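# Working through the structure, step by step
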Amino acid sequence: MFFKPGLLENRLYLVVDDFGDMRSMIKNMLMACGVREIRLARNGNEAIEKLKEERFDVVLCDYNLGQGRDGQQVLEEAKHRNLLGLGSVFVMVTAENTRDMVMGAVEYEPDSYLTKPFNKDFLKTRLEKLIAKKQNLLQIEEAVEKRNYTQAVQILDEKIAAKPANCNELRKIKGDILVNSEKLAEARTLFEEVLAIRELPWARLGLGKCNYLAQNYQQAIDEFHRIKTQNPNYTLAYDWLAKSHKRINQLTEAEEILKEAVSISPKAVPRQQMLGEIALVNQHQEIAESAFSKAVKHGRHSVYKHPSNYANLAKVTAENHDGVAGLQVLKQIKKDFNKDAKADFYQASAESLIHEAMGNSDLARTSLDKAADLQKSFDQSEDSDCALELAKTYKNFGMEEESLELLKGAILNNHTDEQLMDEVKLTISSLDMDEQAVGTIDTIREEVATLNRKGVELAKNGQLDEATKLLKETSTRMPANRTVNLNIALVLLMSMEREGPSPAMIDEIKGYLARVAKADPNNNTLQKLYARLKTMLSD
Amino acid sequence: MNFSDILASLIHDMKNSLGLVINTIDDLGQEMQAQENPKLGTLQHEARRLNSNLITLLSLYKIDNGQLTTNIEEIDVEQFLYEISVDNQATANNMGITVRYESDEGLVGYFDEWLMRGVINSLIGNGLRYSSSQILIHAEFVDDYLVLSIDDDGNGFPQSMIDAQTAQKNKKPEQGETQLGHYFASLVAHMHSNGEREGFIKLANNQRLGGGCFSIWLP
């Protein structure tokens, strides 16, 4: 008898479902397809544990998992923690009524949705297709993982040239890679070519992103709006639309869009968080309370869990209802975060405000001091959100100077981070600070940029020592500033390339690069400098 | 909670039970290893019909509430038809009917996969009742429309139904499960649009297999 091994066999499978009947049914189906290695998990926690133990080729995960994480949160956590291999297939099993909810996922999408009921033959053909597809794309994924975008695009071009059935799927992947590596002109051409043939939401979204990244916000808004009109369920377009409105300070519009988006898909934590934050600035306390309470509720088992949502919910609950209710919310932080300094900080910061409003001045002081101490110990780039939070708290205590000092520090350390600069501006406007304060942002940013420019110019003229000196002086004022750290590393590398490597200098370079890596591991310049250091050491 | 919401949630629960029933019947069929088993065929067929009727009902409920919108994706049509034929094969075999599909290789369509799957499964379910030995699912491009048709070799649609189709395009069906299925297919076809053009359905007789031919035209 001939035995023809298929695509499905000799692979490791994980089946996640809270119903025993369903688990054993899927297991039987897989075994009937010749699969031997099958692990089972009853809920999200078990699934994550299993995913940590072994590398699975295929995960079949039900969306509804009872208490705890749902299927989407399992996927998010698995991707976030790199628990899935590059060639792994993740299939979300859904009952039809969860379909719309699932479609609202923000960042991570499964490789396929499988609607119940399905039979063995159906499962087999679907899995064969998915595994073959993953194998076909493996080289590209590997290139992307190594940040070799040029190579990834090259492989894609070769495949696209053969005009396969999944041509547009390949174009979509290529478009994403081009946008992520900021090759905006090429990306735009690709999206326009696709749209010339047919209106497809992903291509329109890509075009909108190109406009957004090129800072053509009004055009970006037009593109995103068009998707929203044609595909009211495509919530990604809402997120980008809100983001674009926020960027040009149209907060009322941003809030309205997000309100629509959360009514379509309420479980996306980052979306609720953004709505809550914007509603706070717009002084819509009820909406903020509802948004933060959902961000907390749906975030409890999610990688998007963030203590700021708890703190904001506590503060807005205290305002809308009473202080006791607010403090009650804060108790949840301790439960949901285990020995997390950042959570402690947010708790202390919110506590101080609530106590102050309740007239417990001593308790308020103690909490405020605790928050301030914790904030000082944080990385000023990675945890810049804490500086902003404390600045708001100080302002509420009438401590204008301290507040402004913190905001200045946040600007110094993160002057190229446009989003954070927006947050700083929002903070300043929501705190009714002096108009002049807004002006200082631009002044400080200009000052930092000038210092960096000078340093780079000196280095280009061969005055490496002078460049190092200037940049290091700058760095003492803004130790977490990415541009400064990257420039120092660059200049040190240049002097090593000129004078030969020294162990001390290598350590120094690694130290500066590590500061950036902590807050922004995907930074393109950072990766280039790491590569340059590696090449030099291997020569 | 109003009555229709209760109904929707109950239907959903029934669908879950039915899913288990269908899979158990499929398992039984495999254990018995009978090549053709009319009784099992009837069980499978009726359970699947129940299931697709419930899907239709839920979808109509959602359309009525304005909750259902299309999620248009690019679909590999051959794979789509292959999956559908595989899905219906076991039931059809037990009824002594073969299900085939024909599609050009590399054919790409733009439609809501889940909705169209529901529509085609329910049409095949109808076809199984009226067909004598075979059903053909066929896909091609005509005048820039993707035409998905389901042909059987039965006696075809009554002439009155074929004559009436232009008149009753958007009319709600009066009675009869077949007409409800057609009404649903028509609603779903109309939900698919590309620019100015909208999808539609067509009934005909004596096409590829000599019996009835139901086609869905998607722009």
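These remarks concern the structure in this document. Fair warning: this is a prediction, and the values are worked out from it, not measured in the lab.

Rules used throughout
- Residues numbered from 1 in each chain as written.
- Chains lettered and ligands numbered in written order.
- Predicted model: local features only at pLDDT ≥ 70, side-chain atom pairs only at ≥ 80, totals over all residues.
- Contact = placed C-beta atoms within 7 Å.
- Helix = DSSP H or I, 4+ residues; strand = E, 2+ residues; numbered from the N terminus.
- Nonpolar A, V, L, I, M, F, W, Y, C, P; charged D, E, K, R; others polar.
- Core = buried A, V, L, I, M, F, W, Y, C linked by C-beta atoms within 7 Å.
- Buried ≥ 20, exposed ≤ 12 C-beta atoms within 10 Å, placed from the backbone.
- Expected span 1.5 Å × (residues − 1).
- Arc of directions from axis to C-beta.
- Pairing = 2+ DSSP bridges.
- Axes fitted to C-alpha atoms, helices over the stretch in contact; angles between N-to-C directions.

### As for the interface of chain A and chain B
- Facing 24 residues of chain A, the contacting portion of chain B comprises 25 residues.
- Per-element tally for the side of chain A that touches chain B: the top contributor is helix α5 (residues 120-145) of chain A, with six residues.
- Residues that form the side of chain A that touches chain B fall into these classes: seven nonpolar, seven polar and ten charged.

### Considerations on the nonpolar core
- A237, L241, L258, Y310, A314 and A489 of chain A are the most contacted members of the largest nonpolar core, which has 105 residues in total.
- Dropping the residues within four chain positions of it, A489 of chain A is found in contact with I509, Y512, L513 and L529 of chain A.
- Listed in part, the 35 residues of the second largest apolar core include I135, F184, V188 and L209 of chain B.

### Points about helix α8 (residues 184-197) of chain A
Residues and elements named next belong to chain A.
- Compared with an ideal rise of 1.5 Å per residue, which puts 14 residues at 20 Å, α8 spans 20 Å between its outermost C-alpha atoms and is within 8% of the ideal.
- What α8 keeps buried is the set A187, L190, F191 and V194. Angular distribution of buried residues about the axis of α8 spans 95°; they occupy a single face of the element. Across α8 from its buried face, at more than 90 degrees, point the exposed residues A185, E193 and A196.
- Check the buried side of α8 and you find it contacts α7 (167-180) and α9 (201-213).

### Here we look at the sheet that holds strand β2 (residues 37-41) of chain A
Residues and elements named next belong to chain A.
- Pairing in this open sheet of five strands is parallel, and the strands run β2-β1-β3-β4-β5 from one edge to the other. What marks the edges here is a single partner per strand, and that holds for β2 and β5 (112-115). The average undirected angle you get between the axes of adjacent strands in this sheet is 20°.
- Relative to strand β3 (residues 58-62), strand β1 (residues 12-16) runs parallel, the two being bridged by four bridges. Bridge assignment links Y13 to a residue of β3, and that residue is V58.

### Here we look at the sheet that holds strand β5 (residues 145-152) of chain B
Residues and elements named next belong to chain B.
- With mixed pairing, five strands are arranged side by side in an open sheet as β2-β4-β5-β9-β8. Since the sheet does not close on itself, it has two edges, and those belong to β2 (98-103) and β8 (200-205), each with one partner. In this sheet, adjacent strand axes meet at a mean angle of 15° when their direction is disregarded.
- Sheet topology places β5 next to strand β9 (residues 212-218); six bridges connect them, and they run antiparallel. Within the sheet, the bridge partner assigned to D151 lies in β9 and is C213.
- Most of the contacts of helix α3 (residues 77-94) go to β2, to which it runs at about 175°, and overall it touches β2 and β4 (134-142).
- Running over the sheet, helix α4 (residues 113-130) touches β2, β4, β5 and β9 and is turned about 25° from β5.

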